[in-house]
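Inside the fold
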Amino acid sequence: MPMSEMNRKNNGPDTPEDLNTDENIAGTTHLSEMSATDEEMDRLRDELQEQKDKYLRLFAEFDNFRKRSARESLELRQTAGKEVIVALLEVLDDCDRAEKQLLSADNIDQIREGVQLVFSKLRAALQARGLKAMNSINTDFDVEKHEAITEIPVPNPAQKGKVIDEIQKGYYLNDKLIRHAKVVVGN
């Protein structure tokens, strides 16, 4: 083998055709492509900043909504009974008038009639707001509606397990139980 061939094998290619000129190899990027990458980075930074701004605005809006809802809920709870109280003010006025009549009247029938009128007006005002009395006497005892105070023996076996007497009425408000009836149950 001649020496020039050996040099070629050992030292690499001698001609430009033998040089590796692949443009996809790292380090062969051009400066114009670098500026495009910088523009792309600037665009991405702008988009990121825009998304951060949207997120912060959304977070602030949600925080304001949460605070406003809490404030409105508190106000609602504080004034929830206002409507009932305003309706009962008329009954209170009637009670005041009845009290004055009690002190000066001699006729017990007039006093009784006036007091019954006040009681009727009170019941009507509460019923108009959704209050309904529970009917318990002679019904089956139900632990969901009744609170048994005591049990008494009954002579009639049909009355066993039924409400015999009502110590304190139970009430519904808009068909929701708000107070259990205290009852005496037959045994």
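Residues numbered from 1 in each chain as written. Predicted model: local features only at pLDDT ≥ 70, side-chain atom pairs only at ≥ 80, totals over all residues. Heavy atoms only, no water.

**Re the packing of helix H3 (residues 82-104) against helix H4 (residues 108-128)**
Axes are the key here: two packed helices are described by the angle between their axes and the distance separating the axes. Two numbers describe how H3 lies on H4: the axes approach to 10 Å, and their chain directions differ by 175 degrees. Regarding the angle of H3 to H4, the classification is roughly antiparallel. For the pair H3 and H4, the contacting residues are Val 84, Ala 87, Leu 88, Glu 90, Val 91, Asp 94, Cys 95, Ala 98 and Leu 102 in the first and Ile 111, Val 118, Lys 121, Leu 122, Ala 125 and Leu 126 in the second. (Axes fitted to C-alpha atoms, helices over the stretch in contact; angles between N-to-C directions. Helix = DSSP H or I, 4+ residues; strand = E, 2+ residues; numbered from the N terminus. Parallel < 35°, antiparallel > 145°, perpendicular 65-115°, else oblique. Contact = heavy atoms within 4.5 Å.)

**Here we look at the sheet that holds strand S6 (residues 181-186)**
Read from one edge to the other, the open sheet built from 3 strands follows the order S2-S6-S3, with strand pairing classed as mixed. The outermost strands of the open sheet, each flanked by one partner alone, are strand S2 (146-152) and strand S3 (163-168). The mean angle between the axes of side-by-side strands here comes to 30 degrees, regardless of whether they run parallel or antiparallel. For S2 and S6, the ladder comprises 6 bridges, and the chain directions are parallel. (Pairing = 2+ DSSP bridges.)

**Examining the nonpolar core**
In this structure, Met 134, Val 163, Tyr 172, Ala 181, Val 183 and Val 185 together form the largest nonpolar core, which totals 6 residues. With 3 residues, S6 is the single largest residue contributor to this core. (Core = buried A, V, L, I, M, F, W, Y, C linked by side-chain atoms within 4.5 Å. Buried < 20%, exposed > 50% of the residue type's maximum accessible area, 1.4 Å probe, protein only.)

**Quick look at unusual backbone geometry**
With phi around 50 degrees, Asn 174 is a residue other than glycine that occupies positive phi space. Secondary-structure assignment places Asn 174 in the loop between strand S4 (171-173) and strand S5 (176-179). Unusually for a residue other than glycine, Asp 175 sits at a positive phi of about 65 degrees.

**Remarks on H4**
Relative to the 30 Å expected for 21 residues at 1.5 Å per residue, H4 spans 30 Å between its end C-alpha atoms, a close match to the ideal helical length. Three or more residues of H4 are buried, namely Ile 111, Val 118 and Ala 125. All buried residues of H4 lie within an arc of 60 degrees about the axis, which places them on one face of the element. For H4, exposure combined with an orientation more than 90 degrees from the buried face picks out Ile 108, Arg 112, Glu 113, Leu 117, Arg 123, Gln 127 and Ala 128. On its buried face, H4 sits against H3. (Expected span 1.5 Å × (residues − 1). Arc of directions from axis to C-beta.)

**Brief notes about a nonpolar patch on the surface**
Taken together, the side chains of Ile 85, Val 86, Leu 89 and Leu 92 make up a nonpolar region of the molecular surface, amounting to roughly 360 Å² of accessible area. Within the secondary structure, Leu 92 sits in helix H3. (Patch = residues over 30% accessible without salt bridge, like charges linked within 9 Å, V, L, I, M, F, W, Y side chains within 5 Å. Areas by Shrake-Rupley, 256 points an atom, 1.4 Å probe, with all protein chains shown as cover. Salt bridge = Lys/Arg side-chain N within 4 Å of Asp/Glu carboxyl O.)

**What to know about the pattern of salt bridges**
Evaluated as defined, the whole model comprises 13 salt bridges. Linking Lys 54 and Glu 50 is a salt bridge whose minimum nitrogen-to-oxygen distance equals 3.8 Å. Of this pair, Lys 54 and Glu 50 both sit in helix H2 (residues 31-79), 4 residues apart, which is roughly one turn of the helix. Owing to a relative accessible area of 45%, Glu 50 belongs among the partly exposed residues under this scheme. Notably, a salt bridge pairs Lys 169 with Glu 166, separated by 3.7 Å at the nearest N-O pair. We classify Glu 166 as buried; its relative accessible area is 17%.

**So, the packing of aromatic side chains**
For any pair of aromatic rings, the description rests on two quantities: the centre-to-centre distance and the angle between the ring planes. On inspection of all chains with the given rule, the structure shows 2 aromatic pairs. Ring plane angle 40 degrees and centroid distance 6.5 Å describe the contact between Phe 62 and Phe 65, whose orientation is recorded as tilted. Here Phe 62 pairs with Phe 65, and both are found in helix H2, just 3 residues apart, close to one helical turn. (Phe/Tyr/Trp six-rings, centres within 6.5 Å; stacked < 30°, edge-to-face > 60°.)

**Focus: the sheet that holds S4**
Read from one edge to the other, the open sheet built from 3 strands follows the order S1-S4-S5, with strand pairing classed as antiparallel. In this open sheet, the two edge strands, each paired with only one partner strand, are strand S1 (131-133) and S5. Each neighbouring strand pair of the sheet contributes to a mean axis angle of 35 degrees, computed without reference to strand direction. As paired strands, S1 and S4 are joined by 3 bridges and run antiparallel to one another. Across the sheet, the residue bridging to Ala 133 is Tyr 171, located in S4.

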